[in-house]
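Residue strings, one per chain:
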Protein chains: 2
Amino acid sequence: MTSTRRLHLGAFMRPVSLHTGSWRYPGAYPDANFNFAHLARFAQTLERGRFDAFFMADHLAVLNMPVNALKRSHTVTSFEPFTLLSALSAVTGRIGLVGTASTTFDEPYHVARRFASLDHISGGRAGWNLVTTANPDSALNFGLDEHVEHGERYRRAREFYDVVTGLWDSWSDDAFVRDVESGIFVDPEKVHVLDHKGEHFRVRGPLNIARPVQGWPVVVQAGSSEAGRQVAAETADAVFTAQPNLEAGKRFYADVKGRLDKLGRPREHLKILPGAFVVVGDSLEEAREKRALLDTFVHYDSGIASLSIALGHDVSGFDPDGLLPDIPESNASKSSRERVVNWARAEQLTIRQLAQRLGGYSGLEMVGTPAMIADQMEQWLVEEGSDGFNVMFPYLPAGVDEFVDKVVPELQRRGIFRREYEGSTFREHLGLARPENRFFAAAQGRR
Amino acid sequence: MTSTRRLHLGAFMRPVSLHTGSWRYPGAYPDANFNFAHLARFAQTLERGRFDAFFMADHLAVLNMPVNALKRSHTVTSFEPFTLLSALSAVTGRIGLVGTASTTFDEPYHVARRFASLDHISGGRAGWNLVTTANPDSALNFGLDEHVEHGERYRRAREFYDVVTGLWDSWSDDAFVRDVESGIFVDPEKVHVLDHKGEHFRVRGPLNIARPVQGWPVVVQAGSSEAGRQVAAETADAVFTAQPNLEAGKRFYADVKGRLDKLGRPREHLKILPGAFVVVGDSLEEAREKRALLDTFVHYDSGIASLSIALGHDVSGFDPDGLLPDIPESNASKSSRERVVNWARAEQLTIRQLAQRLGGYSGLEMVGTPAMIADQMEQWLVEEGSDGFNVMFPYLPAGVDEFVDKVVPELQRRGIFRREYEGSTFREHLGLARPENRFFAAAQGRR
């Protein structure tokens, strides 16, 4: 099968490396996750590499980890997404800027307004990673004793999305006439009062900012549960996902694209981007040596904490050399929990083995020469395992530099990645149309 | 009386001009309030003029004004403060960046985190204008039918402030050791879990970001009611205030500084900055002509709407040539309401006259040559009417350019304004000490 499709590449930049040993790697910046000058240079390098987007994951809490893990965490202090992405927008010109915002612990008016503002400031480069916030520690920072239940979070998310997109459509694209002569600044016929009254929200509107440059900022989702996939199929422009291998990726891809078919949405309207941890070497051996060296910087304490978080259950008291017992149901992310339990059962891994895998980085990885990495990426694209990747770097700055200087040219040579940005907005990078305003017919000639 | 004090100058930049005719002035940018490239240049010019801060007022709604006023409003679309200030931080180096955030319609964890993040990104230049949000239309965008009552808003604000400052102190200044050799990133003895449980908020903490560069970002308040003044005296580093003339300014200054005396706070720990609308001419006549020309661009419809907002009561149906009748009590800002009623009674102004005054700009103004403006500013400083001003510009860009190129050198020549920034943080510009961490003794040598 041949394909005229091309890869879309996001950069998973918060944390700058998911790998818990990354900050100790020779030549790495220990403070890479929390140093604006470094992050500005990384974003500029990614833009030179024609990446679609710079992506920030986020938490609304310091994860409640044991002190032995906390003290080794290189991501415990981080910038807040809107502030960092807005500052980065001023030192970059084309790359998309995707921030995470929670539908459980924020208000739709604030979220609609901040993404609209980032979209205007950046010239149409904003993306919203819509999350329902799986981390239960967040609830304790927002006045709740118990975390909001999974299904309820998704119902709220769906309504939240409706309110936000409705607010983005508050003004017609040609509402602001600014006619100095007559003194008419805005056409009052071209504002819509949303007056939303739903199960979770009552929001009058209109939004106090013009319609975003992109119409709507790009909407990204990352939930992999049944409810998460369905909300994504209904509403998302892109899905970030964790898939352990190509077979699993193809199943996920077919499932989500199939949901679009059922909804009557064209398949190309939603881009599926699995996370891929990429270690580049001039030879396979060199790449493997880098990966192995990196793992030596992981402490067991970090691993056991990561395992506890993934399971939604404190397993630090379990026998490290025993098998994983049955874990009670919890409110943690179902997909991450099932993934770990499946490994444990399928490979008969001990607690220690699971912890070591979880403690460094344990998902999809591509370790090898630029040609080998390009081979894998091309295979995923051609076999419909993905529409591209959310690239995770092993250490910074070298991980970004190596990818941009070695892997990107190889992808470009094969014709599966852009040599130049062809549009100016993030939506254009993804090949997605600008949404029409649900309340107003398309503007003629003016924006 | 002589003084060794020097002026502090903020720039009231959102809206870029309060004057409703400003966008129609010859040579003005009609979209100045909503054009990032323009705003970046204004901020850079203000920094060249050694201003202490760039200040953004804010609303959480499109004000519910009559359509005839709405269509003439040049501020109906605006950037959101955190996004704009963060972007501006990347194109400036010294000027303080003050954003407005509401204690009524936001969460302390979000607000603490965003200002901390802006403070780190900007190298210690963040300021929080703490408002309780007087505009009742905001409530309708956040699920409430009725606006929160004035006294309750201030009780919530006081607790909100305690939570935010407590969260800013989550980490000792020397908590992040980043010891690559041992693998210790953070000293777990140097984090404090706030565990706040109060009347309005339950917030566990810790904040997921390091202590701000300034310890605490500068806290600014603008409430002028009894409750507002008292909260300011207890908590603020600076007060923005609307004072119609020097006598009123001196009374306000004495009142607020007297409250500090009673609290045992040194007077110089809180800077009082009245708003001043400055029109610069090469002669008094030229300045007056500019001001008069500007007023010709104000439409009566804008005036009557402004008057209604100031009074918290729709007066558009009243006889334009009649006197202001008694207006029922409302939930609007008490200080602005009282100010208008006082004018109406003292000067026997008609509704039309009040509307015209309100519709353009009706507060403290300084219209004249650079020397005349400097005379007035010096008099306010020496006679303890203020510690400086929050300068409002009549139109952009010329209003900023004229102030920076003509008035600032005159103030510098008199020795009452800095020639260079002496510190790097906003707190240092204001001559304020860095707050100690309430949970940890001062760090030795490391920050």
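It should be emphasised that the depicted structure is a prediction, and the values quoted were computed from it without experimental measurement.

## Overview of the overall build of chain A
Looking only at helices and strands, chain A features 14 helices and 13 strands. Its C-alpha radius of gyration of 22 Å places chain A within 12% of the 22 Å reference for a compact globule of 447 residues. Counting only C-alpha atoms and orienting by the principal axes, one finds that chain A spans roughly 75 × 55 × 45 Å. Across chain A, the fraction of contacts at a sequence separation of at least 24, relative to all contacts at a separation of at least 6, is 77%.

## Digging into the relation of the copies chain B and chain A
Here chain B sits on chain A after a turn of 180° about the axis and a move of 0.0 Å along it, with an RMSD of 0.1 Å. Between the two chains, the operation in question is that of a two-fold axis. Using C-alpha coordinates, one finds that chain B approaches the rotation axis most closely at Ala87 of chain B, a distance of 2.0 Å. When the interface residues of chain B are mapped onto chain A, 100% of them are again interface residues, pointing to one common binding face.

## Some words on the interface of chain B and chain A
Each partner contributes residues to the interface: chain B has 72 residues there, and chain A has 72 residues. Each partner contributes to the roughly 6300 Å² buried at the junction of chain B and chain A, and carbon and sulfur atoms together form 61% of this total. For the interface between chain B and chain A, the tally reads six salt bridges. Here Asp106 of chain B makes a salt bridge to Arg114 of chain A, at a shortest N to O gap of 3.4 Å. At the junction of chain B and chain A, the tally comes to 33 residue pairs in polar contact (both at pLDDT 80 or more).

## Comments concerning the pairing of strand S13 (residues 388-392) of chain A
All names here are of chain A. With respect to burial, S13 is a largely interior element, five of its five residues being buried. The side-chain alternation of S13 yields two buried faces, one formed by Gly388, Asn390 and Met392 and the other by Phe389 and Val391. Pairing between strand S1 (residues 8-12) and S13: four bridges, direction parallel. If you follow His8 over to S13, its bridge partner there is Gly388. Of the pairings in the sheet, the one linking strand S11 (residues 271-280) to S13 comprises three bridges and is parallel in character. From the neighbouring strand, Ala276 faces S13, where its bridge partner is Val391.

## Notes on the domain arrangement of chain A
Residues and elements named next belong to chain A. The domain boundaries assigned to chain A delineate domain 1 (8-281 + 364-429) and domain 2 (299-359). Put simply, the middle of domain 1 and the middle of domain 2, counted by C-alpha atoms, are 27 Å apart. With 14 residues of domain 1 at the contact, the number on the domain 2 side is 10 residues. The contact between domain 1 and domain 2 buries some 1200 Å² in all, and 59% of this surface belongs to carbon and sulfur atoms. Of all residues in domain 1, Thr20, Arg72 and His150 bury the most surface against domain 2, accounting for 34% of the area lost on that side. Joining domain 1 to domain 2, the criterion identifies zero salt bridges. Here domain 1 is connected to domain 2 by one residue pair in polar contact (both at pLDDT 80 or more). Listing elements by their share of the side of domain 1 that touches domain 2, those giving two or more residues are helix H2 (67-70) and helix H5 (150-168). Partitioning the side of domain 1 that touches domain 2 into residue classes produces six nonpolar, five polar and three charged.

## Comments concerning the packing of helix H3 (residues 81-89) of chain A against helix H4 (residues 108-121) of chain B
For any two helices packed against each other, the geometry is given by the interaxial angle and the distance between the axes. Viewed as axis vectors pointing N to C, H3 of chain A and H4 of chain B meet at an angle of 30°, and their least axial separation amounts to 8 Å. Put simply, H3 of chain A runs roughly parallel to H4 of chain B. Seen from H3 of chain A, the contacting residues are Pro81, Phe82, Thr83, Leu84 and Ala87 of chain A; seen from H4 of chain B, they are Arg113, Arg114, Ser117, Leu118 and Ile121 of chain B. In the contact of H3 of chain A with H4 of chain B, the residues fall into six nonpolar, two polar and two charged.

## Some thoughts on helix H11 (residues 351-359) of chain A
Residues and elements named next belong to chain A. For H11, the complete set of buried residues consists of Ile351, Leu354, Ala355, Leu358 and Gly359. The buried residues of H11 occupy one face: seen down the axis, they fall within an arc of 125°. Against the buried residues of H11 lie helix H9 (300-311) and helix H10 (334-347).

## Concerning the packing of aromatic side chains
Throughout the structure, instances matching the rule amount to 44 aromatic pairs over all chains. Pairing Phe51 of chain A with Phe393 of chain A gives two aromatic rings, centres 6.4 Å apart and planes at 45°, and the pair type is tilted. Remark: Phe393 of chain A occurs in the loop between S13 and helix H13 (398-413) and Phe51 of chain A occurs in the loop between helix H1 (36-48) and strand S2 (53-55); sequence separation between them is 342 residues. Judged on exposure class, the residue Phe51 of chain A and its partner Phe393 of chain A are both buried. Summarising the aromatic geometry, the rings of Phe105 of chain B and Phe142 of chain B are spaced 5.2 Å apart at their centres and angled 25° between planes, so their arrangement reads as stacked. Of this pair, Phe105 of chain B sits in the loop between strand S3 (96-102) and H4 while Phe142 of chain B sits in the loop between helix H5 (137-140) and helix H6 (150-168), placing them 37 residues apart in sequence. Overall, the relative accessible area of 10% leaves Phe142 of chain B in the buried class. Joined through ring pairs, the aromatic side chains of Phe82, Phe115, Trp128, Phe160, Trp168 and Phe201 of chain A make up one cluster.

## So, the pattern of salt bridges
If you walk through the whole model with that rule in mind, you get 75 salt bridges over all chains. For the salt bridge of Asp401 of chain A with Arg41 of chain A, the shortest nitrogen-to-oxygen distance reads 3.7 Å. Residue Asp401 of chain A is located in helix H13, and its partner Arg41 of chain A is located in helix H1; the two are separated by 360 residues in the primary sequence. Looking at Asp401 of chain A, the relative accessible area reads 22%, which means it is partly exposed. Its relative accessible area of 34% is what places Arg41 of chain A among the partly exposed residues. Residue Arg413 of chain B is joined to Glu410 of chain B by a salt bridge in which the shortest nitrogen-to-oxygen separation is 2.9 Å. Separated by three residues within a single helix, Arg413 of chain B and Glu410 of chain B lie in helix H14 (residues 398-413), roughly one turn from each other. With relative accessibility at 57%, the residue Arg413 of chain B sits in the exposed group. Within this structure, Asp169, Asp173, Arg211, Arg434 and Arg438 of chain A form a network of salt bridges that share partners.

## Looking at the side chain of Asp58 of chain B
In this structure, Asp58 of chain B sits in the loop between strand S2 (53-55) and helix H2 (67-70). A distance of 2.5 Å separates the side chain of Asp58 of chain B from the side chain of Arg113 of chain A, its partner in a polar contact. Setting aside its immediate chain neighbours within four residues, Asp58 of chain B contacts Arg113 of chain A together with Arg14, Pro81 and Thr100 of chain B.

## Details of the confidence of the model for chain A
The pLDDT averaged across chain A works out to 93; a share of 98% of its residues lies at or above 70. In the model output, the complex is listed with pTM 0.92 alongside ipTM 0.91.

## Here we look at the environment of Ser172 of chain B
All names here are of chain B. Note on placement: Ser172 falls in the loop between H6 and strand S5 (176-179). Residue classification places Ser172 among the buried residues on the basis of a relative accessible area of 5%. Expressed as a C-alpha distance, the spacing of Ser172 and Glu189, which sit 17 residues apart in the sequence, is 9.0 Å. Non-local contacts of Ser172, meaning those with residues more than four positions away in its chain, are made with Lys190, Asn437 and Phe440. A distance of 2.4 Å separates polar atoms of two side chains, one belonging to Ser172 and the other to Asp174.

## Let's talk about the side chain of His110 of chain B
Of note, His110 of chain B is situated in helix H4. Among the residues examined, His110 of chain B registers a relative accessible area of 3% and is labelled buried. Among the polar contacts made by the side chain of His110 of chain B, one reaches the main-chain carbonyl oxygen of Phe105 of chain A at a distance of 2.7 Å.

What counts and how
Residues numbered from 1 in each chain as written. Chains lettered and ligands numbered in written order. Predicted model: local features only at pLDDT ≥ 70, side-chain atom pairs only at ≥ 80, totals over all residues. Heavy atoms only, no water. Helix = DSSP H or I, 4+ residues; strand = E, 2+ residues; numbered from the N terminus. Rg over C-alpha atoms; globule rule 2.2 N^0.38 Å. Contact = heavy atoms within 4.5 Å. Least-squares fit on C-alpha atoms with pLDDT ≥ 70 in both. Buried area = accessible area lost by both parts, 1.4 Å probe. Salt bridge = Lys/Arg side-chain N within 4 Å of Asp/Glu carboxyl O. Polar contact = N/O pair within 3.5 Å; in protein donor to acceptor, adjacent residues only side chain to side chain. Buried < 20%, exposed > 50% of the residue type's maximum accessible area, 1.4 Å probe, protein only. Pairing = 2+ DSSP bridges. Domains from an automatic or database assignment. Nonpolar A, V, L, I, M, F, W, Y, C, P; charged D, E, K, R; others polar. Axes fitted to C-alpha atoms, helices over the stretch in contact; angles between N-to-C directions. Parallel < 35°, antiparallel > 145°, perpendicular 65-115°, else oblique. Arc of directions from axis to C-beta. Phe/Tyr/Trp six-rings, centres within 6.5 Å; stacked < 30°, edge-to-face > 60°. pLDDT = per-residue confidence, 0-100.

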